[in-house]
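A closer look at the structure
These are the residues of each chain, in order.
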Amino acid sequence: MNTNTFKSKKVAVLFGDGAPASKDRFGGKGAGLMELARMGLNVPPGFTITTTIARAFAQHQKVPLRMARQLDWSMKALEKETGKKFGDSKNALLVSVRSGAKDSMPGMMDTVLNLGINPAIADGIARQSDVRFAYDCYRRFLQMFGDVVLGVERQRFEAILDAVKLHRGIEDERCFDGGAWKEVCNRYRTLIEEATGKPMVDDPQYQLEMAITAVLESWNNPRAVEYRKAHRIPNSMGTAVNVMSMVYGNRDDDSGTGVVFSCNTATGEPGSWGEFRLRGQGEDVVAGVRTPNSISKMAETMPSAYVQLVDIVEMLASKRKQDVDVEYTVESGILYILQLRNAKLSPEAAVTVAVHNVWNGKVTKEKALASVSAEQLQVVQSPTFDAVSYKAALATAKLAVGLPASPGCAVGKVVTTAKEAVAAKQRGEQVILFRPDTCPDDLSGMMAAVAVVTKTGGYTSHAGVVARSMGKPCIVAASDLNVAAGAVISVDARAGVILNGSVKMAGPENKKEVNLFLKWAREASYRRWRTPQLVFRYYDERITASQMIADFYMIDAIYNAVKGKSLEAKAKTVRMRIHTAVAERVAMYLTVAVGGELRHARKAWPETRNELAVLVSEFDSMTDEPDSSKRRVAQARTLRTLTTLGTAEHIRYLALVVSVFNGGQWTRAYGGRKWGAIANAALGFLKGELPHSMFADHAFDLQHNNGSVFGKNDMIDVDRNVHDLLEVKKHATDIGELHRRLVKVDYGSYSSRSALVLDADVEALYNEGIKLGLWKDPQSLQRSRYNDYNGSSSWKPQW
C-alpha cells in the first residue's frame, strides 16, 4: 500500500519511520523506541498508533475508520520484517500491545503480551520449540487478556496458578513442565468463559482490535485519572498505543528480562542498577508479582549480554545527559532493548545525582538546583528514626527484612486494602499499606498511606516505581512479614527493615550530598531575595502587628499548600513580596526600638561601660543626651544617627547594642538579655544569617514569648491581642479556618473587632484556592466542629 496518500493523516508509524519523534504525538514510550531504532540498537520491530487516535476515541467512543487500513498495513510491515505471519500456526508472529502516554504513568494503563496466540498456534509453537515454552506464553496471554480486555480479576488467575503449584509440589512456576502449563491454560480458559459467559476469543485479528481498544479505554480508568490528577498531567493529551513483535525472555535458560538504570534510583549512587529475571517476561518484573534478582545475577549467567547492556545504558545516559531507565529482554543470548525513558529518581537520589553532576563538572549549581523539584526537596528534609531508639528496636523488635525500594522512615497502623487506607487517612490516622503486591488499582491507598510494604516484587515493581515518584517509603519482597491489620509497625525503607511497634522519630538523615545540596538551596534562596538592609521610609508608614501577622502567615500557608499545583508560581511571587516587606519593616522597627531601650543602660553594672563608650563615640548615641530618659526622644536620635550610615555601620551598631544588653546587671523592668535577643534578631537579618521569612517569624515568636516587642512606637501598632493571633497561627492546620481566625478574629473578647482586610493578592489567591477545591470555605464548615477560644493558653484546635 502506498502510504504517501495519507501521510499527513498517518496514525500508525513504524519505529524506523518516526524521525523526529515527538512525545506529544507518539507518547514517551513510542518516541523512545523510535530514538533507539534511529540509533541502530536492537529493537524488536513494531509501530506506534499516535495520540490522535486516543483523542478521537475519547470524543466519539470509537476508533476512526482510517485506523483499520493503517493497522492492516502496519501488521503486514511487521510480518515482512520478522519473516513471521500473524495468525499462522506454523510460523506465528505474536505481538505486545502497550500504552504509552507523553508523561510516564507507571502501571496506570494496560498492557497485553503474547497477543495473537490460541490453542492451534500454541501447538504450532510447541512443535517448533517445546511444549513448556509454548504454553507458558499462552497462559501469560490468557491472564493478561482476561484481566485487561475482558475484566476478569488478576487475583483469580493467580489463585489458579497457586493451586496448581500446591497440587504439584512446585514452589517456582519456572520449574513447570509442558503438562503443568497445559493444565493452567485449560483452567484459565474455563475461568474466562465462566466469568464472561462467552467463549474465549481465539481470532488473532479480533484479539488485536480488542486489545487496542482496551488500551485506549484505559486512559480514562479511575486509577489513571487519579494518577494524572496527583501528578498534574493534562487529561486532554491521550495515550499512544505501541504494537511490537514479541521477543521471549521465557524461551530457555539463556533467556531473561529486566529493567536497568544508569544509577541507583533509590539512593542516587552511580553505576548500573536494576533487576533481572531468568526465564521471565517483562511483566514479571514491572508488575511486582514475582521477585526478581539483582542485575548482578545477569552478569553471572549472561556475561556477554550484560556487558553489552551496561555499555548501551551508559551511552544513552550520556546522550540524554540524564539518568535513564531501560527495559530489556534477552532471547537465547540475544539482547533486545524494549523501552527507553528518563529514570524516575527518589528524592534522595535526585539530590545525590544533582550533587555528583556538579562535582563531575557536568552541570552548574544552578542547573543542579533546577533539576530537583520542590516536593523532592521537602522530602529529603523529612524525619528519620532516632538512632538510639532504632538500635534498640533492631535488637528486640525486628519483624522482617525486604528490599528498600524507596527510602524514608515511617510509623503507622497496618491496613491491607486501598479502601481501608483512604478511610483511615480521612479519620486522621497514619497508616502503612501492606499488600502481597500492589497494582494500579491500589493507587488511592498508596497516596493515602505514609509508607507501602509488599510481600513480593523488586525495585522496579509497580510499588517501588510509584512510591519513589511520590517520595514515600516503600519496602518490597518482605516475604517473611506476617502482621495483622491494625498493628503498629515502623518502616525503615533505607535498609528494608520492618519493626514491631513505634520507633521514635528524629531529624532528616545526615548524608553528605543531601546536606550540601540543602546548603546550595539556602544560598540560592537568599540570592533571590533583596539584600537585607534598613529601609528608612518604612518608619513613617504605620501598620498594625495583626495586619502583618495575617498577611505573613496566610500567604505562607497558601504557598505551602499549593506547591506542585497550578497556583505555585503566583503564590511564590506574592509570598516573596509580602515576606520581604514584613521582614524589612520589622528590622527597621527593632533597630529603632532598641535605641529607645538603651536609655536605661546607665542603670546596668559597669561591665557595659566600655561598650557604652564606643556607642557614644562611634554613633553619637542617645545615652549622652540629658533628655534621653524619654523613649520617643531616644528613638528619634537613634533614627537620626542611623540614616547617615550604611549597612556595615548598622551591623556594627547592633553588635555593640547586643553586647550592652547581654552584659552588666539590668533590672527586671529594663533592657537586659530579653532586649539582647531582640537586637540580635535584627543583627542576624542584616548580616544575612536569618533569611527574610525566618527572621520575621523569629521576631513574631519573640513577641509571642515575652509580649514586649511591638507597641514601643507608632511604626507598628498593637491593635488587638497579638499573642492570641500568634497562638492561632501556631496550632492551625486548615487554611480555611486559619483565614477565619486570623482575618475575622471571631473568638473570645475580640469577636467584636472589625475584620482585617488582607493584602489584595493574598485574598485573591485564597479565593482561587477555594474555587479549585484546594481548601474549603470556612463558612461551609459546621461551627460545631470547633471550640471557641476561651482565653486560655492551653487552647488546642479541634480540627
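Residue positions are counted from 1 within each chain, in the order its sequence is given. Reporting in this predicted model follows two pLDDT cut-offs: at least 70 for local features of residues, and 80 or more for side-chain atom pairs to be given and counted; totals over whole chains, interfaces and linings ignore these cut-offs and use all residues. To get the side-chain values, take all heavy atoms of the structure and skip hydrogens and water.

Our next topic: the overall build of the protein chain. In terms of helices and strands, the protein chain carries 30 helices and 22 strands. Burial classes: relative accessible area under 20% of the type maximum marks a residue as buried, over 50% as exposed, and values in between as partly exposed (1.4 Å probe, protein chains only). Classification of the 799 residues of the protein chain by burial places 55% in the buried group. Note on areas: Shrake-Rupley with a 1.4 Å probe; residue coverage comes only from the protein chains shown. Total accessible area on the protein chain stands at roughly 34400 Å², and carbon and sulfur atoms take up 49% of it. Secondary structure elements follow DSSP: runs of H or I of four or more residues count as helices, runs of E of two or more count as strands, with numbering from the N terminus.

A word on helix α30 (residues 760–771). In an α-helix, one turn spans 3.6 residues; hence positions three or four apart end up facing the same way. Helix span, expected: 1.5 Å multiplied by one less than the number of residues in the helix. With twelve residues, α30 should reach 16 Å at 1.5 Å per residue; the first-to-last C-alpha distance of 17 Å fits that figure. Where α30 is concerned, the buried positions are Val762, Leu765, Tyr766 and Gly769. Buried residues of α30, seen end-on, are gathered within an arc of 100° and therefore sit on one face of the element. Exposed residues on α30 whose side chains face more than 90 degrees from its buried face are Ala760 and Lys771. We define a polar contact as two N or O atoms separated by no more than 3.5 Å, with the added condition that, inside protein, one atom must be a possible hydrogen donor and the other a possible acceptor, whereas residues neighbouring each other in sequence contribute only through side-chain atom pairs. Two to three positions downstream of the cap, the backbone nitrogen of Asp761 sits 2.9 Å from a side-chain oxygen, assigning the N-cap of α30 to Asp759. Gly773, located one to two residues past α30, shows a positive phi value of around 75°. Throughout, the arc means that of the directions going from the helix axis to the C-beta atoms.

Once that is clear, we can look at the environment of Gln430. With respect to the helices, strands and loops of the structure, Gln430 is situated in the loop between α17 (418–426) and β15 (431–435). For the pair formed by Gln430 and Ala451, sequence separation is 21 residues and the distance between their alpha carbons is 9.2 Å. Contacts are assigned to residue pairs that have any heavy atoms within 4.5 Å of one another. Excluding anything up to four places from it in sequence, Gln430 contacts Val411, Gly412, Lys413 and Val450.

Another aspect to go through is the nonpolar core. Here, nonpolar core means buried Ala, Val, Leu, Ile, Met, Phe, Trp, Tyr and Cys residues that are tied together by side-chain atoms lying within 4.5 Å of each other. Within the largest apolar cluster, 74 residues are counted, with the highest numbers of intra-cluster contacts made by Met554, Ile558, Leu590, Phe695, Phe700 and Ile716. Top contributing element to this core by residue count: helix α22 (residues 568–597), with 13 residues. Apart from the residues within four sequence positions on either side, Ile558 is in contact with Ala571, Ile735, Val762, Leu765, Tyr766 and Trp775. Of all hydrophobic cores here, the second largest spans 65 residues; its members include Phe47, Leu94, Ile125 and Tyr248.

A few words now on the sheet that holds strand β8 (residues 293–294). When DSSP finds at least two bridges between two strands, those strands are taken to pair. Spatial strand order, β8-β7-β6-β9-β10: five strands in an open sheet with antiparallel pairing. Two strands lie at the open edges of the sheet, namely β8 and β10 (334–342), each paired on one side alone. As paired strands, strand β7 (residues 270–278) and β8 are joined by two bridges and run antiparallel to one another. Bridge pairing links Glu275 to Ser294 in β8. Across the sheet, helix α12 (residues 303–320) touches β6 (256–263), β7, β9 (324–331) and β10, and the angle it forms with β10 is around 25°. Axis definition: a line fit to C-alpha positions, over the contact stretch in the case of helices; interaxial angles, taken between N-to-C directions, run 0 to 180 degrees.

Glancing now at the packing of α22 against α30. Closest axis-to-axis distance for the α22/α30 pair is 10 Å, and the angle between their directions is 150°. Comparing the axis directions of α22 and α30 gives the class roughly antiparallel. Considering how the two elements wind past one another, α22 and α30 form a crossing that is left-handed. Side by side, α22 and α30 meet where Lys570, Ala571, Val574, Arg577 and Ile578 of the first sit next to Asp761, Val762, Leu765 and Glu768 of the second. All residues other than Ala, Val, Leu, Ile, Met, Phe, Trp, Tyr, Cys, Pro, Asp, Glu, Lys and Arg, Gly among them, are scored as polar; the first ten of these are nonpolar and the last four charged. Its residues placed into classes, the contact of α22 with α30 shows five nonpolar, no polar and four charged. These descriptions rest on fixed angle ranges, namely under 35 degrees for roughly parallel, over 145 for roughly antiparallel, 65 to 115 for roughly perpendicular, and the rest for oblique. The sense of a crossing depends on the near helix, which, turned anticlockwise from the far helix by less than a right angle, makes the crossing left-handed and, turned clockwise, makes it right-handed.

At a minimum axis distance of 10 Å, the contact between helix α21 (residues 545–561) and α30 shows a crossing angle of 40°. Between α21 and α30, the angle falls in the class oblique. Relative to α30, the crossing made by α21 is left-handed. Contacts from Met554, Ile555 and Ile558 in α21 reach Val762, Leu765 and Tyr766 in α30. Looking at the contact of α21 with α30, its residues break down into six nonpolar, no polar and no charged.

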